[in-house]
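Structure assessment
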Amino acid sequence: MKKTVLIFTFFLLNISFAIGQKTYNVSFDDRNAAIELTRNAISDISNKDFTKAFIKLSKSIEVDSLFRETYLRIYQLYSLNNDNTEETIELLNKGKRIF
């Protein structure tokens, strides 16, 4: 009897967690565009072209806000160059939902 109650409780908890989760969908083309923009931004960061890198990373988030690598690169960019403080904070706050 205890085993049945335990299994039933576990089942109900799983259902409640599944219902509470939000699902995000990103198209294949959008994900590829975000990856390409982020790669180009990484190259710009290596070349110390921080302004171009920030623009590309911002565009990447606009295209696909679920791609984690972009947020990590924005953090990296900000640690190297403190320009665009307000915009960086806004973008990183947007990324809180996926980390």
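Scroll up to find the structure.
Residues numbered from 1 in each chain as written. Predicted model: local features only at pLDDT ≥ 70, side-chain atom pairs only at ≥ 80, totals over all residues. Heavy atoms only, no water.

Considering all chains together, one arrives at five salt bridges under this definition. Lys56 is the partner of Asp44 in a salt bridge, and the nearest nitrogen-oxygen pair spans 2.8 Å. A residue pair is termed long-range when its members are at least 10 positions apart, and Asp44 in helix H2 (residues 28-46) and Lys56 in helix H3 (residues 50-63) qualify at twelve residues. When the shortest N-O distance is used, the salt bridge between Arg73 and Glu69 registers 2.6 Å. Of this pair, Arg73 and Glu69 are both found in helix H4 (residues 68-80), four residues apart, which corresponds to roughly one turn of the helix. Under the relative-accessibility criterion, Arg73 is labelled partly exposed at 23%. Residue Glu69 is classed as partly exposed on the basis of its relative accessible area of 26%. (Salt bridge = Lys/Arg side-chain N within 4 Å of Asp/Glu carboxyl O. Helix = DSSP H or I, 4+ residues; strand = E, 2+ residues; numbered from the N terminus. Buried < 20%, exposed > 50% of the residue type's maximum accessible area, 1.4 Å probe, protein only.)

To continue, consider the packing of H4 against helix H5 (residues 85-95). Running from N to C, H4 and H5 cross one another at 150°; their axes reach a closest spacing of 10 Å. Here H5 runs roughly antiparallel to H4, going by the angle between their axes. In the packing of H4 onto H5, the handedness of the crossing is left-handed. Contacts between H4 and H5 pair Tyr71, Ile74 and Tyr78 from the former with Thr85, Thr88, Leu91, Leu92, Lys94 and Gly95 from the latter. A breakdown of the residues in the contact of H4 with H5 according to their chemical character gives five nonpolar, three polar and one charged. (Axes fitted to C-alpha atoms, helices over the stretch in contact; angles between N-to-C directions. Parallel < 35°, antiparallel > 145°, perpendicular 65-115°, else oblique. Left-handed = near helix turned anticlockwise from the far one by under 90°. Contact = heavy atoms within 4.5 Å. Nonpolar A, V, L, I, M, F, W, Y, C, P; charged D, E, K, R; others polar.)

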